[in-house]
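Survey of secondary and tertiary structure
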Amino acid sequence: MLLFYIFLLIGLSQCREHEISINEETPIDTIIFDLNSLSTTVITYQLLESSSLLHFNSTTNLISISKRIDRDTLCPNDDQCSKCYLTIKLYDMYYYDILLLKFKINDINDNQPIFSSNTYSISLTENNMPEMKIRLSKAEDIDCFINGVQLYELTYVYRNRVIVSSVNVFQPQPQNQTNQPFYLLYDSNAELYLVINISLDRELQDEYIFTITANDQKYATSTKLTLTVLDVNDHNPKFSQSIYTVNISQSTPMGTILIKLTAYDADSDDNARIYYSLLSIDGYKIESNDRNELFQLNSYTGELTLLSKLDHLDTKNIFKLVVGASDGTHNAIPALTTVYINVQTDLFNSDQSLIQITFGSNRVSKNFTEVYISENLPNATFIAYIKSNPNLQLLTHEGFFLQKLTENSFTLLTDRSYDRETRSSYNVQLRNGNIQRNFQILVTDVNDCKPQWNSSILNIDFDQFIHLNEAIVLTLNATDEDENSRVGYRKKSTSWPQSISLISNQLILNCTVEGNETNNDCWFYLANGEIWLDIEAYDLDNENFSSVIKIRLYRSSIAGTDRSYVQIKRLYQYDILQWLKHEYIIMSIACLMGLLFVVATILSCVYCRRESRRKTPSILTTVTDDNSTKQKIIQTSSSEQSSSAGSLYGSEKSDNITVETSDMYLFSPKRTTLMPHPTDNLTNKLFHSIQTDLSLLTEANQQIVATRGTYV
């Protein structure tokens, strides 16, 4: 009965609270609080609740430390050092109330930063773009955030000069470091990057060695980073996401494929062959010869498989895996991604009918009713991992199918390559006994469509607008079925009338002058027959996606003879315009210059011919008639058959030359000797000329007339 009243008093008593701050690692048996300080009267306290780390002496009313207090072990998730308390509850036998003492454990800087490895090696091809960022492994410090890593320092040698660059975790990035060839960057996502601010050249330097130091203002830890410059393989693999999340249960069977990671490489052939590797689990580096007992990553397919059951891990509910993807080149830079595996406690017996769905790396809505799959992905793309018993049924089959992995596990895969423009969503219905799970597959868009016109030819009649005294504006509208598509328009025709302009998506026909008066010449030019314009609509995000429409401008009021006349005139004008194109002009000029060259050549030849005849010796043959006989007078130039050209063309009389054709010999009155064959060159020419003329006289007159010598 007495105990009943005591508990009743305790229940009705008020509770007093006191908060006391103590540091971790305080020595054992240290007195941390004296209850006698709360009152001048000696009070007896009854211990109600207490932590095993604290000891209460009821005789002295002193509270001391009984075991080692390590805040980092006691409160591992309290990074801000604000929620780590030890409590002790006492009953005040004097005031009949409850006294609650809360001891706040303050963190001290008693742990140094630790890198996961003493050395790191990365490689990068030459001719990289400046400002390239490479994510680095951070140093881990289990102390509170304020006692954790506060400064990262980068030390390296560049062009025989030692350069030191640092970044403060709590302060913005200094601007002066952007002028350095290499520096560290700590972004808003608490990720550490090495920024390469230059374009690497392997011929100048093929290796850079960096020292990275992590400092928490008390301890400092360093690691070595080696950067190798390559001159081949200029593309690196990339993951579609930087973080993947997988939810599994403790009863997930061994051999289950948890997720299939996919990285993409823009290279071709052997350089595009990607190899996957598991780099670390929960910060512990996985070496190539280490055997991991929990997870296995297929190096060729990127499939992550569970090797053992997780039901014995009662306190471990999350795993952090860092996966790299490389294209097999020696020392190539791997693409990194992080996979978080959440282990959920089984709430139901495995024999019951239940459906557990894990969507893997696919993006899902907050209530897990919608999963997003990109279009144009290949057939058999992973949608979800499903845990259930063999009675699982798929009620809808269009767009996907179930693949059985084990007796109680399945994967939901696509049965086609999705096209968002054809169908943008699929409904999935799963049933197991009385339990049914429904969710929807939403197909996300990629830029794979080009703008389309309603028709290939657009006819525009001027007579619909001829009564207007202002510029005519026609709005072009080509449609692109992609989401958030942007369409641009540009001229495609080689010739374009000055009165027609294209601004954005508006075709402007401007036939007005000042005072809104109609420009009749403009209307005549535009309406004189037909005008054809080519306009191209293109995707602003990818100009290779485009389509062309032909626009025909005409006037329907022109008919009969007028139309025939206009068409003939228009064709004539069109031929002239075609002839006046620049290529025809060049050909015409070339032909004209060739003709002028031929004429000039002929005139030069004629002129040279005349000059040649005037300067060379000539033989003139004149035939005269006498009363009795026909005489042939041979006029020639001779001056003793001299070699001098001036004597041949002299104006004085020369001696008579007697010609006797019967013997074909030449006689001179001053010479008695016979000259059968002249040896002088000039005389030889004169001889043959006279001989030729005598032959002609012989053929013409059939007789030889001996005459007097002629004078020159």
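Just so it is clear, the structure is predicted and the values come from calculations on it, not from any experiment. (Residues numbered from 1 in each chain as written. Predicted model: local features only at pLDDT ≥ 70, side-chain atom pairs only at ≥ 80, totals over all residues. Heavy atoms only, no water.)

1. Considerations on the packing of aromatic side chains
Each pair of aromatic rings is reported with the distance of its centres and the angle of its planes. In plain terms, the rule: Within 6.5 Å between ring centres, the rings of Phe, Tyr and Trp (the latter by its six-membered ring) count as paired, and their orientation is classed by plane angle as stacked under 30 degrees, edge-to-face over 60, tilted in between. Think of it in three bands: with a 1.4 Å probe and only protein chains considered, a residue is buried below 20% of the maximum accessible area for its type, exposed above 50%, and partly exposed in between. Charge over a ring is defined by NZ of Lys or CZ of Arg lying within 6 Å of the ring centre and within 35 degrees of the ring normal.
Applying the stated criterion to the full structure yields 14 aromatic pairs. Ring centres of Tyr208 and Phe210 lie 6.4 Å apart, and the angle between their planes is 15°; on these two criteria the pair is classed as stacked. Owing to a relative accessible area of 5%, Tyr208 belongs among the buried residues under this scheme. Taking relative accessible area as the criterion, Phe210 reaches 0% and is therefore assigned buried. Aromatic rings pair up to connect Tyr156, Tyr158, Phe182, Tyr208 and Phe210 into one cluster. Here the basic side chain of Lys102 rests over the ring of Tyr85, its NZ or CZ set 4.9 Å away from the ring centre. Between the NZ or CZ atom of Arg490 and the centre of the ring of Tyr538, over which it lies, the distance is 4.0 Å.

2. Examining the pattern of salt bridges
Pairing between side chains of opposite charge can happen when the charged atoms of each approach one another. Note the threshold: A pairing counts as a salt bridge when a side-chain nitrogen of Lys or Arg comes within 4 Å of a carboxyl oxygen of Asp or Glu. Working definition: helices are DSSP H or I runs of at least four residues, strands are E runs of at least two. Numbering for both runs from the N terminus.
Under the counting rule described, the total for this entry stands at 16 salt bridges. Notably, a salt bridge pairs Arg423 with Glu398, separated by 2.8 Å at the nearest N-O pair. On the criterion of sequence distance, the pair formed by Arg423 in the loop between strand E32 (409-414) and strand E33 (425-432) and Glu398 in the loop between strand E30 (393-394) and strand E31 (400-406) is long-range, its members being 25 residues apart. Classification of Arg423 as partly exposed rests on a relative accessible area of 31%. Glu543 serves as the salt-bridge partner of Arg490, at 3.3 Å between the closest nitrogen and oxygen. Residue Arg490 is located in strand E37 (residues 487-491), and its partner Glu543 is located in the loop between strand E40 (531-539) and strand E41 (546-554); the two are separated by 53 residues in the primary sequence. Because the salt bridges share partners, they merge into one network encompassing Arg420, Glu421, Asp445 and Glu483.

3. So, the pairing of E41
Our working definition: The criterion for strand pairing is that DSSP finds at least two bridges linking the strands in question.
The buried fraction of E41 is high, at 7 of 9 residues. Across 5 bridges, the pairing between strand E35 (residues 457-461) and E41 is parallel. Following the sheet pairing, Ile460 is matched in E41 by Leu553. In terms of strand pairing, E40 meets E41 through 8 bridges, oriented antiparallel. Paired with Trp532 across the strands is Arg552, a residue of E41. The loop that links E40 with its antiparallel partner E41 comprises 6 residues.

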